[in-house]
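A look at the structure
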Amino acid sequence: MGDILIINDKKFLFVSLGENVVNKKKRKKMTSPGMETAHRVAIIALLITAVVATAGVFFIGSNCKATDPACAPAVSPVYYGEGATNTYSTCGCNTSAEIRNETNARVLSNTEFGSGDASLEDARGVSAFTVFFTEFIFNDIFRPVYHPDYTSSIPVPPGDPVFSASHITFRVPVSPYTHTFPPNCPFPLNNGTAYIDLSNVYGSSESGELARLRTHSLGRMRMVAEDESRLLERNATTGKWTIADVRDTYNAGVLALHTLAVRNHNYWADRLLSFHHTWTDEQLFWKARQLNIAEWQRIVYHEWLPTLLFIHGVTPDPESPVPNTLTEPRVTMEEALALMPAMVDTMFPSWVNRGDGAPIPYAEFTGRSGQDLISTHNIETFLGSCVKTRARRFDGNIISERRNQGNATAPRDLVAIHVQRGRLARILDWHAMYQCIQGAPFPADTRDAYQGFIEEEIYPGTSVGHTTVRALANLFYRVRDADQAYYTYNAAAIGPAYWETINHATMGTLLVRNGRGPYNALNIQHPFVVVDMFH
């Protein structure tokens, strides 16, 4: 019938608005008299507009199908294309008609970012856990599309200290129509959504990605049979994971967070079933998805962003009780192809603290080795190590492991690739980028935007540069305030039985709830800051 909420050891029984209460003869939908407000009518109008404007694309909420009359309103919208795809990136600060022909990207990597191994740790104690969380959330709001026939390359300069091959070949995000970057506004296709809705976990196609990720029983997501590991399924022959976004397997930190999100979904599915014995798999799944997403949304704005930006970023809760329907929650070119990779590259650690005095080196927690690390160890141990390790300082230094990957004849330099992708996208130079984001004059500066973000002086009280503060604030205001189904706009849909849990969710809560001993032993209350900062 409802959930039992315990406050100060007293039990209260609630029945969630919008949920089904079962009697002997029929199911009756519980609604409040004030639910049909002008705001809800406006939301319905927006949904209709979205469906009409995206031929062949139907609207799905984060908790249940739009076609299911028994479902509560959505918490975070997502387009399931079913063969169609959703173009969700824009030009942002505009772009040039010409591809910028500046210093060779590999040369730039060697000369400007080559002393990264001497980089300092973050002075404010931001943890390596925060860096992996940053990458996880970026994967959620922007998921590029690649065409197998469209690649580019960077010439390796003569006498390169590491590589002997002639070129570094890499994939480039493409346009949905030409599979190339069109002039003036080269927008790559975002195959996820620009909302914070765990699209990297749940996928963007109900009959495709999501269908293979669900058990289709009891509302749960697929995991290894309920043994002690509680890991994602992995093919023993190919090594491939049952996962929506393969980028979440690139390192052990993001893979562990992805696993945590799936565990948290199954936690909610099990909890719902314990109170709603007659609910179908569909009802359990979509409601668990709604509650899971809501908790991650809260953590983004109440913990992650304040850790990086302190009071200079985004307000923890929206200032308005209703969404801003005039704002587009789109990820811009400079955010996707300059800001995001710059942040991860410069703060990414070269090792994490194992806890016994022996560090886990970069090579062991990235790539296939990182996947194997998660397969053979529990995620609790690795995430606990990340909480005990400081992130690298946000500066012009990037560890050599990010720049010198692959081997001499098959080289890979993430820094050079990120710089060159920005150039191919015709992202403007730092002079124009600064003026666009800050709205203030700036002297001529031909550096790439990627380089400008990284080399900017850290803004006092934060862990990033001033322009990065402004850019992150702009981005995360958009993806929240334009989300007509963000969790704080939908307290009634979430229901009073779950609202207190959602509204007090922390990353520490999720870690302890879905983990084992190492979390409790560390007393992790603030995983975004290294543990020793509290002792």
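Residues numbered from 1 in each chain as written. Predicted model: local features only at pLDDT ≥ 70, side-chain atom pairs only at ≥ 80, totals over all residues. Heavy atoms only, no water.

1. Here we look at the overall build of the protein
- Across its full length, the protein holds 20 helices and 14 strands.
- Looking at the protein as a whole, 55% of its 535 residues are labelled buried.
- In the protein, once contacts between residues fewer than 6 apart in sequence are set aside, the share between residues at least 24 apart is 75%. (Helix = DSSP H or I, 4+ residues; strand = E, 2+ residues; numbered from the N terminus. Buried < 20%, exposed > 50% of the residue type's maximum accessible area, 1.4 Å probe, protein only. Contact = heavy atoms within 4.5 Å.)

2. Notes on the pattern of salt bridges
- For the structure shown, the criterion picks out 19 salt bridges.
- The salt bridge partner of R393 is D395, with a shortest N-O separation of 4.0 Å.
- A relative accessible area of 27% means that R393 is categorised as partly exposed.
- Among the salt bridges present, the one from D445 reaches R447, with a minimum N-O distance of 2.8 Å. (Salt bridge = Lys/Arg side-chain N within 4 Å of Asp/Glu carboxyl O.)

3. Examining the packing of helix α6 (residues 252-275) against helix α11 (residues 379-387)
- Packing of α6 against α11 brings their axes to within 10 Å, and their N-to-C directions diverge by 125°. If you check the angle between α6 and α11, you find them oblique. The handedness of the crossing between α6 and α11 is left-handed. Note on element contacts: α11 touches α6 through I379, E380, F382 and L383, opposite A252, G253, A256, L257, T259, L260 and R263.
- For the contact of α6 with α11, the class distribution of residues is 7 nonpolar, 2 polar and 2 charged. (Axes fitted to C-alpha atoms, helices over the stretch in contact; angles between N-to-C directions. Parallel < 35°, antiparallel > 145°, perpendicular 65-115°, else oblique. Left-handed = near helix turned anticlockwise from the far one by under 90°. Nonpolar A, V, L, I, M, F, W, Y, C, P; charged D, E, K, R; others polar.)

4. A closer look at helix α10 (residues 367-376)
- Residues of α10 that are buried include every one of G370, Q371, L373 and I374, and no others. End-on, the buried residues of α10 take up no more than an arc of 155°, which puts them together on one face.
- Residues of α10 that are buried in the fold lie against α6, β12 (360-361), α9 (362-365) and α11. (Arc of directions from axis to C-beta.)

5. Comments concerning the environment of A256
- Tracing the chain through its elements places A256 in helix α6.
- According to the relative accessible area criterion, A256 is buried, its value standing at 0%.
- Residues A256 and N378, 122 residues apart in the sequence, show an inter-C-alpha distance of 8.7 Å.
- Every residue in contact with A256, bar those within four places of it in the chain, is listed here: I374, I379 and L383.

6. Structural notes on α11
- Counting buried positions over the 9 residues of α11 gives 8, a clear majority of the element.
- Turning to α11, its buried residues are I379, E380, F382, L383, G384, S385, C386 and V387.

7. A few points about the side chain of Q451
- With respect to the helices, strands and loops of the structure, Q451 is situated in helix α15 (residues 449-455).
- The exposure class of Q451 is buried, given its relative accessible area of 5%.
- In this structure Q451 touches L108, E112 and F113, once residues within four positions along its chain are discounted.

8. Remarks on the environment of S109
- With respect to the secondary-structure elements, S109 resides in helix α2 (residues 105-112).
- Take S109: its relative accessible area is 0%, and that puts it in the buried class.
- Apart from the residues lying within four places of it in its own chain, the contact partners of S109 are G114, R403, D413, V415 and A416.

9. Considerations on unusual backbone geometry
- Positive phi values are uncommon outside glycine, yet L198 reaches one of about 55°.
- Checked against the element boundaries, L198 lands in the loop between β9 (167-173) and α4 (199-202).
- Judged by relative accessible area, which is 1%, L198 ranks as buried.
- A positive phi is found at R426, a non-glycine position, where the angle reads about 60°.

10. Quick look at the environment of Y477
- Topologically, Y477 is positioned in helix α16 (residues 466-481).
- With 164 residues separating them along the chain, Y477 and G313 place their C-alpha atoms 9.2 Å apart.
- Residues in contact with Y477, not counting those within four places in the same chain, are G313, V314, T315, E319 and A482.

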